[in-house]
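Observations on chain architecture
These are the residues of each chain, in order.
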Amino acid sequence: MKKTMSGAVAFLTGILAFPAIAESTSQLDQYQLNLTKGVTDISAEVYDLHMLMFIICVVIAVAVFGVMFYSMVFHRKSKGAKPANFHESVKVEIAWTVVPFIILIFMAIPAAQTLIAMEDSSSPDVSVLVTGSQWKWHYKYMDSDVEFFSVLATQPEQIANKFEKGINYLLEVDRPLVIPTGKKVRFLVTSDDVIHSWWVPDFAVKKDANPGFINEAWTKVNEPGIYRGQCAELCGKDHGFMPVVVIAKEPAEYEAWIAEQQDIQRRAKEEEQKLLAMNMEMGELMEVGERVYLATCAACHMPNGEGLPGAFPALKGSDMALNDMQAHIDIVVNGKAGTSMQAFGKQLSLKELAAVITYERNAWGNNTGETVQAKDVNALVTGQ
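These lines cover the structure that appears in this document, whether it is placed above or below.

**Considering a nonpolar patch on the surface**
Together, Ile 60, Val 64, Phe 65, Met 68, Phe 69, Tyr 70, Met 72, Val 73 and Phe 74 line one region of the surface with nonpolar side chains, adding up to about 860 Å² of accessible area. Note on placement: Met 68 falls in helix 3 (residues 41-74). Judged by its relative accessible area of 36%, Met 68 is partly exposed.

**Some words on the packing of helix 10 (residues 325-334) against helix 11 (residues 350-362)**
When two helices pack together, their arrangement is given by the angle between their axes and by how far apart the axes lie. It is the contact of helix 10 with helix 11, at a shortest axis distance of 11 Å, that shows an interaxial angle of 130 degrees. Taken together, helix 10 and helix 11 sit at an angle that is classed as oblique. Crossing angle aside, the handedness with which helix 10 passes helix 11 is right-handed. When helix 10 is examined against helix 11, the residues Met 325, His 328, Ile 329, Val 332 and Val 333 are found in contact with a partner set consisting of Leu 353, Val 356, Ile 357, Glu 360 and Arg 361. Across the contact of helix 10 with helix 11, the residue classes tally to seven nonpolar, one polar and two charged.

**Here's the deal with unusual backbone geometry**
Cis geometry marks the peptide bond from Gln 134 to Trp 135, where omega comes out at -5 degrees. Structurally, Trp 135 is set in the loop between strand 1 (126-133) and strand 2 (136-141). Within the chain, Ser 123 stands out as a residue other than glycine whose phi angle is a positive 50 degrees. Tracing the chain through its elements places Ser 123 in the loop between helix 4 (90-119) and strand 1. In the Ramachandran plot, Asn 367 falls in the positive-phi region, its phi being about 45 degrees despite a non-glycine side chain.

**Brief notes about the sheet that holds strand 5 (residues 185-191)**
The strands making up a sheet are joined through hydrogen bonds of the backbone, oriented either antiparallel or parallel. Strands sit in the order 3-2-1-5-8 across an open sheet of five strands; the sheet is mixed. A single partner strand is all that each edge strand has here, and the edge strands are strand 3 (146-150) and strand 8 (215-219). The sheet shows a mean angle of 20 degrees between the axes of neighbouring strands, direction not considered. Both strand 2 and strand 3 contribute to a ladder of five bridges, which runs antiparallel. From the neighbouring strand, Tyr 141 faces strand 3, where its bridge partner is Val 146. Of the strands in this sheet, strand 1, strand 2 and strand 3 touch helix 6 (residues 251-275), which is tilted by about 90 degrees from strand 3.

**Remarks on the sheet that holds strand 9 (residues 225-231)**
A sheet is described by the order of its strands in space; here five strands give the open sequence 4-10-9-6-7, paired in mixed fashion. The open sheet has two free edges, formed respectively by strand 4 (177-180) and strand 7 (205-209), since each of these has just one partner strand. Adjacent strand axes in the sheet meet at a mean angle of 25 degrees when their direction is disregarded. The sheet contact formed by strand 9 and strand 10 (residues 243-249) spans six bridges and is antiparallel. Paired with Gly 229 across the two strands is Val 244, which belongs to strand 10. Lying over the sheet, helix 6 contacts strand 4 and strand 10, oriented at roughly 135 degrees with respect to strand 4.

**Quick notes on the side chain of Ser 127**
Structurally, the position occupied by Ser 127 is in strand 1. Only 3.0 Å separates the side chain of Ser 127 from the side chain of Arg 186, close enough to count as a polar contact. Leaving out residues up to four positions away in the same chain, Ser 127 has contacts with Lys 140, Tyr 141, Met 142, Asp 143 and Arg 186.

**Things to note about the environment of Ile 167**
Position of Ile 167 among the secondary structure elements: in the loop between helix 5 (156-159) and strand 4. Under the relative-accessibility criterion, Ile 167 is labelled exposed at 75%.

**Things to note about the environment of Leu 285**
Structurally, Leu 285 is set in helix 7 (residues 282-296). Sequence-wise, Leu 285 and Thr 190 are 95 residues apart; in three dimensions their C-alpha atoms are separated by 35 Å. Residue contacts for Leu 285: discarding those within four places in its chain leaves Met 280, Ala 354, Ala 355, Thr 358, Thr 371, Val 372 and Gln 373.

**Remarks on the packing of aromatic side chains**
When we look at a pair of aromatic rings, we describe it by the centre distance and by the angle of the planes. All chains considered together, the criterion is met by 11 aromatic pairs. When the ring of Phe 148 is compared with that of Trp 257, the centres are 6.3 Å apart and the planes differ by 80 degrees; the resulting orientation is edge-to-face. Pair noted here: Phe 148 is in strand 3 and Trp 257 is in helix 6, with a separation of 109 residues, a long-range link. By relative accessible area, which is 4% here, Phe 148 ends up buried. The class for Trp 257 is buried, based on a relative accessible area of 12%. Consider the rings of Tyr 359 and Trp 364, whose centres lie 5.5 Å apart with planes at 80 degrees: the pair is edge-to-face. There is no split in this pair, since Tyr 359 and Trp 364 are both buried. By way of ring pairs, the aromatic residues Tyr 139, Tyr 141, Phe 148 and Trp 257 are connected into one cluster.

Basis of the calculations
- Residues numbered from 1 in each chain as written.
- Predicted model: local features only at pLDDT ≥ 70, side-chain atom pairs only at ≥ 80, totals over all residues.
- Heavy atoms only, no water.
- Patch = residues over 30% accessible without salt bridge, like charges linked within 9 Å, V, L, I, M, F, W, Y side chains within 5 Å.
- Areas by Shrake-Rupley, 256 points an atom, 1.4 Å probe, with all protein chains shown as cover.
- Salt bridge = Lys/Arg side-chain N within 4 Å of Asp/Glu carboxyl O.
- Helix = DSSP H or I, 4+ residues; strand = E, 2+ residues; numbered from the N terminus.
- Buried < 20%, exposed > 50% of the residue type's maximum accessible area, 1.4 Å probe, protein only.
- Axes fitted to C-alpha atoms, helices over the stretch in contact; angles between N-to-C directions.
- Parallel < 35°, antiparallel > 145°, perpendicular 65-115°, else oblique.
- Left-handed = near helix turned anticlockwise from the far one by under 90°.
- Contact = heavy atoms within 4.5 Å.
- Nonpolar A, V, L, I, M, F, W, Y, C, P; charged D, E, K, R; others polar.
- Pairing = 2+ DSSP bridges.
- Polar contact = N/O pair within 3.5 Å; in protein donor to acceptor, adjacent residues only side chain to side chain.
- Phe/Tyr/Trp six-rings, centres within 6.5 Å; stacked < 30°, edge-to-face > 60°.

Here's what the structure looks like:
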């Protein structure tokens, strides 16, 4: 049956992809009408299952409509056909009950086998905790001390139609997830705010990220490469700016990358510890703070600090920014439940947190003259 199905799959794939016969790979994707085969054994199974169901539906449609049109043409009144006068037929009723039942059983067996295989995340070689957050992804490698946020890297000018859009428009990030080829990678998917959905078509993986729950998925990528996906659950105003990028590397390259990331994060922690023992000058804090603010805060609170009335509060002239430093540090570090204000404690370094809070307390005419240092932020985070 597999040989017959493979032949039918090849024939139908040719029909479905006919507009792109003479196109390049990148152009072909624009006209792709069928599912992608993907780069994993599971995605190939899903593709073959999809084509099997499609073929069955086509055969049924041809048979039903063939009989219907044949009857309409050759048994019409103008040809002298006389309608039969009968009520009920036990044989016909048995036939139209049994035949669909057999067809459904024939469809259910391979579907169940594929679904069971998709849900079997046992015995992984690598485990990654994937956390959705408005509007970015956080990846934590459970087997090593590596974790980071992955944020949209498309330039705002492209989104505003000021620059020409790149080939990977809205599908590029600053830090992609890296996994090894030939290894079973388990994804533990959750969320820290609303429902998201982590989706990579080439892996045949689409798993909801529900706050308070952990869903499991897995993949085993056969070929090195860059694979792209998106959040597939409407999660707020920037839902369309939450891409997924995964780079699959050979195992040796992956191990070298993990070692490099561990070293980078170790050195970053050492630098933060040194920073706790010193005070940064106002000029440096304002320079770093402005850069961080424009990258992470300006989308909601506006570059001029005036916010969006009714949606995002103004920081310019706000009571918190002018008077309550501890509350200001707390809301930037921990966010505010029930609002769009995210927790930036894990997204930014102590230096960046101190700098952006200092900037907000001294920009746009706020001019408190107060500086927030890394040790002030650390005191709130650690409670010491």
